[in-house]
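Each chain, written out:
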Amino acid sequence: MSSRIKIALGLLIVLTGLPLAQAYEPPTAPAPRPFVYDRDTFAFANETVWNYVNGSVQHESSSEKERKREYTRRCFVVTRAALQFWKFARFDAKASPLSPEQLARRIRQVTERDAWLPPPSDKERIVFPGYHNLREISAAHAEIFQANIGLGWPIYFRAGMMPIVAPVYREIEEQLNAEIYRDLQKDFPTIVWLYNFPSLNMNHAVIVFAGSRDHDHFAYEVYDPNYAQGPKRLSYDAASRTFSYQPTFYFKGGPVQARAVYRGVFQ
């Protein structure tokens, strides 16, 4: 084995271990307000590259009108940006709207802030005049938001993505569930990466923003960026220490591995 390969493997091992060793510091005070689906999500959806039906890839019919899927591979970008707007932006519906150039600049100002930073005071938030909330303004200016909240490909090079090659132990899932549920008690949502590596039937990011507990069963509401209307369901069974995601058009439903992301440089 060449020295270059050894160095590369060593770096991969180090980067893989960092997210697992990084201590998560929970919020010490309640959030200024809860994450609300109808106001804190985007009015457009992240699209899938392939044509899915009930969790299976379907061939496009030559007789059907070709569908363009131009906004794809951005589930991490959309969830991160939604969290950033919830934390760092505020809206003033009574003021005059921005020009397209000004709007694009302010969108970038929001998404350039690290998603794991605490929410600032209202005076320190970036103001978006002319609209009541993110849902409303992204419906009116979808293309401007899509062009400025971030590219999809850099996500694959984040250090926080390296743990996909590491096993997910039940103890890790148990700890994550405890953190999600505890943070929700203070109105803090969590971006969760759902995957089933090495299977490719699931590789997606969602925002857990509400939840309830019934003995050993936890039921969570999530913002799934592949859908523009209505939350989806993520559940956790404490007895088996397993997360499960509901059936969607791109996933048949069932157990998933889960990790929190955007909680630090290495997560």
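The structure presented is a predicted model; accordingly, all values stated were derived computationally and were not measured.

### Here we look at the sheet that holds strand β6 (residues 199-214)
Piece 1. Spatially, β5-β6-β7-β8-β9-β10 is the arrangement adopted by the six strands of the closed barrel, whose pairing is antiparallel. When the angles between neighbouring strand axes are averaged without regard to direction, this sheet yields 45°.
Piece 2. Summarising the sheet, β6 and strand β7 (residues 217-223) pair through seven bridges and their orientation is antiparallel. What sits directly across from Arg213, in β7, is Phe218.

### Observations regarding the pattern of salt bridges
Pairing between side chains becomes possible if they bear opposite charge and their charged atoms approach one another.
Piece 1. If you walk through the whole model with that rule in mind, you get five salt bridges.
Piece 2. The shortest N-O distance in the salt bridge between Glu179 and Arg263 comes to 2.7 Å. Here Glu179, found in helix α7 (residues 170-184), pairs with Arg263, found in the segment after β10 (254-260); they are 84 residues apart in sequence, far enough to count as distant. Across this residue pair, the class does not change: Glu179 and Arg263 are buried.

### Some remarks on the packing of aromatic side chains
Piece 1. Counting across every chain of the model gives 19 aromatic pairs.
Piece 2. On the numbers, 6.4 Å between centres and 80° between planes, the contact of Phe42 with Phe85 is edge-to-face. With Phe42 in the loop between α2 (37-40) and β1 (51-53) and Phe85 in helix α3 (residues 75-88), this residue pair connects regions lying 43 residues apart in the sequence. Each member of the pair Phe42 and Phe85 is classed as buried.
Piece 3. Ring centres 5.7 Å apart and planes at 35° place the aromatic pair Phe91 and Phe128 in the tilted group. On the criterion of sequence distance, the pair formed by Phe91 in strand β3 (residues 89-92) and Phe128 in strand β4 (residues 126-129) is long-range, its members being 37 residues apart.
Piece 4. The exposure class of Phe91 is partly exposed, given its relative accessible area of 21%.
Piece 5. These aromatic residues form a ring-pair network of at least three members: Phe35, Tyr37, Trp86, Phe188, Phe209 and Tyr223.
Piece 6. Seen from the ring of Tyr24, Arg263 lies directly overhead, with NZ or CZ sitting 3.6 Å from the centre.

### Let's talk about the nonpolar core
Piece 1. One finds Phe42, Phe128, Phe145, Ile149 and Tyr223 to be the most contacted residues of the largest nonpolar core, which totals 42 residues.
Piece 2. Every element with two or more residues in this core is listed here: α3, α4 (100-111), β4, α5 (134-140), α6 (142-148), β5 (190-196) and β6.
Piece 3. At 10 residues, α3 tops the list of elements feeding residues into this core.
Piece 4. Counting 21 residues, the second largest nonpolar core, distinct from the first, contains Leu176, Val208, Tyr227 and Phe243.

### Structural notes on the side chain of Thr242
Piece 1. Along the chain, the position of Thr242 falls in strand β9 (residues 242-245).
Piece 2. When near neighbours in sequence (up to four residues on either side) are disregarded, Thr242 contacts Arg170, Ser235, Tyr236, Asp237 and Pro255.

### Details of the environment of Asp237
Piece 1. Counting through the fold element by element, Asp237 comes out in strand β8 (residues 232-237).
Piece 2. A relative accessible area of 28% means that Asp237 is categorised as partly exposed.
Piece 3. Considering only alpha carbons, one finds Asp237 and Asp216, 21 residues apart in sequence, at a separation of 5.9 Å.
Piece 4. Ignoring any residue separated from it by four or fewer positions in sequence, one finds Asp237 in contact with Asp216 and Thr242.

### Brief notes about unusual backbone geometry
Piece 1. With an omega dihedral of 10°, the bond running from Phe197 to Pro198 counts as a cis peptide bond.
Piece 2. With respect to the secondary-structure elements, Pro198 resides in the loop between β5 and β6.
Piece 3. Look at His215: it is not a glycine, yet its phi comes out positive at around 60°.
Piece 4. Position of His215 among the secondary structure elements: in the loop between β6 and β7.
Piece 5. Its relative accessible area of 68% is what places His215 among the exposed residues.

### Section: α4
Piece 1. Taking 1.5 Å per residue as the helical rise, α4 with its 12 residues ought to reach 16 Å, and the 17 Å between its terminal C-alpha atoms agrees with that figure.
Piece 2. Within the span of α4, buried status applies to Leu103, Ala104, Ile107, Val110 and Thr111. Buried residues along α4 cover an arc of 120° about the axis, so they all sit on one side.
Piece 3. At its buried positions, α4 is contacted by α3, β3, β4, α5 and α6.

### Quick word on the confidence of the model for the protein
Piece 1. With 78% of its residues at a pLDDT of 70 or more, the protein has an overall mean of 86.
Piece 2. Confidence drops under pLDDT 50 across residues 1-21; counting only partners more than four residues distant or on other chains, this segment forms 17 contacts.

The rules behind these values
Residues numbered from 1 in each chain as written. Predicted model: local features only at pLDDT ≥ 70, side-chain atom pairs only at ≥ 80, totals over all residues. Heavy atoms only, no water. Pairing = 2+ DSSP bridges. Helix = DSSP H or I, 4+ residues; strand = E, 2+ residues; numbered from the N terminus. Axes fitted to C-alpha atoms, helices over the stretch in contact; angles between N-to-C directions. Salt bridge = Lys/Arg side-chain N within 4 Å of Asp/Glu carboxyl O. Buried < 20%, exposed > 50% of the residue type's maximum accessible area, 1.4 Å probe, protein only. Phe/Tyr/Trp six-rings, centres within 6.5 Å; stacked < 30°, edge-to-face > 60°. Lys NZ or Arg CZ within 6 Å of the ring centre and 35° of its normal. Core = buried A, V, L, I, M, F, W, Y, C linked by side-chain atoms within 4.5 Å. Contact = heavy atoms within 4.5 Å. Expected span 1.5 Å × (residues − 1). Arc of directions from axis to C-beta. pLDDT = per-residue confidence, 0-100.

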